[in-house]
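Structure assessment
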Amino acid sequence: MQVDVEVFGTLRGKLPGDDGRGKGTFELPEDTTISQALDQLNIPAEIRYIIMLNENPEHDRDCVLQSGDKLVVMPPVAGG
Amino acid sequence: MHGWAGQILRIDLTHGEIHKEPINETWATDYIGGRGLAARYLWELMPDRTVDPFSPENVLIFATGPLTGTNTSCGSRYMVVTKGALTNAITTSNSGGFWGPELKFAGYDFVILQGQAPRPQYLWIYDDTVELRDASSVWGKGTFESEDRIREEVGVSDAHIAGIGPAGENRVRFACIINDKHRAAGRSGVGAVMGSKNLKAIAVRGTGGVSVANPAAYMKALWTQHGKMSNSEDRKGMSALGTAPTMDMTNQFGALPTRNFKEGTFEGTENLNGNAIRNGESWIRNKACFACTIACGRVTRPSDSAGKFMVNTHPRNWKIAGEGPEYENAWSLGADCGIQDLDAVLMANLLCNDLGMDPISMGATVASAMELYEKGVLTDEVTGTPMPFGSGEALVRMTEATGYREGFGDELAEGSARMGAKFEHPEVFMGVKGQEFPAYDPRGFQGMGVAYATCNRGACHLRAWTPALETQEGQDAHSPVGKSSWVIEQQNQSTAHDNTGICLFTGFAGSVLEDLSELTVAATGVEYSHEEFVKAGERTWNLERVWNLEAGLTAADDDLPERLLKESHTKGMSKGVTVQLDQMLPEYYSGRGWDTDGRPKQEKLSELELAEFLV
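Rules and cut-offs
- Residues numbered from 1 in each chain as written.
- Chains lettered and ligands numbered in written order.
- Predicted model: local features only at pLDDT ≥ 70, side-chain atom pairs only at ≥ 80, totals over all residues.
- Helix = DSSP H or I, 4+ residues; strand = E, 2+ residues; numbered from the N terminus.
- Buried ≥ 20, exposed ≤ 12 C-beta atoms within 10 Å, placed from the backbone.
- Axes fitted to C-alpha atoms, helices over the stretch in contact; angles between N-to-C directions.
- Parallel < 35°, antiparallel > 145°, perpendicular 65-115°, else oblique.
- Contact = placed C-beta atoms within 7 Å.
- Nonpolar A, V, L, I, M, F, W, Y, C, P; charged D, E, K, R; others polar.
- Pairing = 2+ DSSP bridges.
- Expected span 1.5 Å × (residues − 1).

**Section: the environment of Ser211(B)**
Residue and element names in this part refer to chain B. Structurally, Ser 211 can be placed in the loop between strand E12 (199–205) and helix H7 (215–231). Take Ser 211: there are 15 C-beta atoms within 10 Å of it, and that puts it in the partly exposed class. Taking the C-alpha atoms as reference, Ser 211 lies 23 Å from Val 512; in sequence the two are 301 residues apart.

Shown next as structure tokens:
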């Protein structure tokens, strides 16, 4: 299945083939969870990210992705 | 005393008299220091809370905390406490850099300024030597040039200077105080108050240090704090990209105020976010304040193409290095004005620092004027230059004009509340208590609505930052449930934090407030429990509230613009959401122990040992 992925901040450049824009469409196996997707996309799993799935926050990393999903991953941010 | 220097400076500017006196130890213990202790002094020294902010009766206090100047991580902060020129409320504006520690090294916790100098002056402090000097050589000059000249005049190359630019002299209502050229006590117009007192700057050099009561316990707590911050992923993110990545988060949540809060998402974030600043040709390096272990500061220089912005009086600024933009400035001068040209943002930000103005209020005021221009209320004849949303040229031109109160800049210099009211469209003011909002749309983060409405110094993101809660598992960013109690807790804690003299960002970078209470105990020798430490924050918050009530503010001032209460966005994650302040505010008052009119009840004031302040 294909999933659209976008990452921000310090994750830019980490996706496979990332040219610095931090986004791409990736082929993932069926029934891939968010946690498994992070692993396959070179995103370190131990960090507390803000994750959004189809423009809504998603905190369950065991959530199974569907074809056509849009996954956004942001490192923790704060302040101004 | 330990932690505290134990001595304050009282300056009678009217008569040119300088007094040194011991710090009030009872008050220092009750309020910890900094913002809280300064509020207590302001209460004592300014019995008529209703005076005009520009009156000689207004009192201007520069205050450090007991950890300022120690090697506690980010121990750089001083606060400016006074009646705000923008808000007519008590304000507490906070800055880093190196000036605050230098004041402690000279042997003083506070500088309290009263009256009005008969002519422009600056204060020079070199350890025990304290003198008022003629400021005619720097009056009218920008902060960058003024710092260099004052340093030459006093003949001490490592003196640190906090002062105002032309904006403060011209009483621009959101003028700030700049120290070390690029760090700012930014909000509420503290620089305008300083200007009204004919005080250009305070230059200071100190050769002493800060003693701590229990060095072994202090160092143990310090290494604990440093260890947490060193390993923190949050800290690493701030070191790498500063604060501007927050723009990506707020944009995703539909909470990035755009074009004067008419929208909650912005199409130009990729040109203004942390990556754009870090990877752009303007980037030079990180910068840290005194004892900082984060280094969120960005040293930048406008690119060659910035020369397209014709800045009349400061052509030298085209190619000099400055600092920023932080997230707030990238938003206010960028998205809020519909501008995605980083050069325009950098130029306006640099001008704000040199002229001495708060970039949040500057950008937000330009944004409100751009809305009036879009509506046809303002025309080219009035503004002197086209002001559509998205015009970087208008932003840069108007920033400069505002600092000098030239042309339409004279209207912008009043801030968007007064400017909007003058042109009979008060609805374009996006703020609270006369102060413009910072960079979070409460329709995307509901809790920011009650945080903004209740902040004692007007709209502010530094007293309670609810995205920290509202992005967590189990939280609904669009629900008002539970937000008020969390805002109360945050306000009390952040106030205790401010009182110590430590940068709030330690709390975003791996350290927790318990670290600071432990360090404060070790530094001062006062055996605060953590609960007593936080209680000092709550005591400060309530004293500020009572101060404001005596100044004439009421519950009606704890309100939000109708745009946030009745109009929702049509796209983005916050689509269809309005702020439910009518639910959150009563819960807030009740949770605070205040009555339905927002007045602290006698029981609450007694609990906080503030019974004598009952209004």
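Past the structure itself, the notes keep going.
**Considering the packing of helix H20 (residues 483–500) of chain B against helix H22 (residues 530–550) of chain B**
Residues and elements named next belong to chain B. Their axes nearest at 7 Å, the elements H20 and H22 cross at an angle of 100 degrees. Considering their axes alone, H20 and H22 lie roughly perpendicular with respect to each other. Taken together, the residues of H22 that come into contact with H20 (itself represented by Gln 491, Asn 492, Gln 493, Thr 495, Ala 496 and Asn 499) are Phe 533, Val 534, Ala 536, Gly 537, Glu 538, Thr 540 and Trp 541. Counted by class, the contact of H20 with H22 contains five nonpolar, seven polar and one charged residues.

**Overview of the pairing of strand E5 (residues 70–74) of chain A**
All names here are of chain A. Of all five residues in E5, four are buried, a share of seventy percent or more. Bridge count between strand E1 (residues 2–7) and E5: four bridges; the pairing is parallel. Looking at E5, one finds that Val 7 is bridged to Val 73. In the sheet, strand E3 (residues 50–53) pairs with E5 via four bridges, with the strands oriented antiparallel. Counterpart to Met 52 in the pairing with E5 is Val 72.

**A short note on the interface of chain B and chain A**
Contacts between the two partners involve 26 residues from chain B and, on the opposite side, 19 residues from chain A. Of all elements in the fold, only helix H8 (233–241), helix H9 (246–252), helix H10 (274–279) and helix H11 (327–332) of chain B reach the threshold of two or more residues within the side of chain B that touches chain A. If one sorts the elements of the side of chain B that touches chain A by residue count, H8(B) sits on top with five residues. Of the residues belonging to the side of chain B that touches chain A, the class tally is 12 nonpolar, eight polar and six charged.

**Looking at the environment of Gly254(B)**
Residue and element names in this part refer to chain B. Examined against the element boundaries, Gly 254 turns out to sit in the loop between H9 and H10. Since 26 C-beta atoms lie within 10 Å of it, Gly 254 is described here as buried. Along the sequence, Gly 254 and Gly 598 sit 344 residues apart, while their C-alpha atoms lie 31 Å from each other.

**Describing helix H13 (residues 359–375) of chain B**
Residue and element names in this part refer to chain B. For H13, spanning 17 residues, the distance from its first C-alpha to its last is 24 Å, which sits close to the expected 24 Å at 1.5 Å a residue. Counting buried residues in H13 gives 15 out of 17 residues, a clear majority hidden from the surface. After H13 finishes, the residue Gly 376 shows a positive phi value of roughly 90 degrees.

That is the geometry; function is a separate question.
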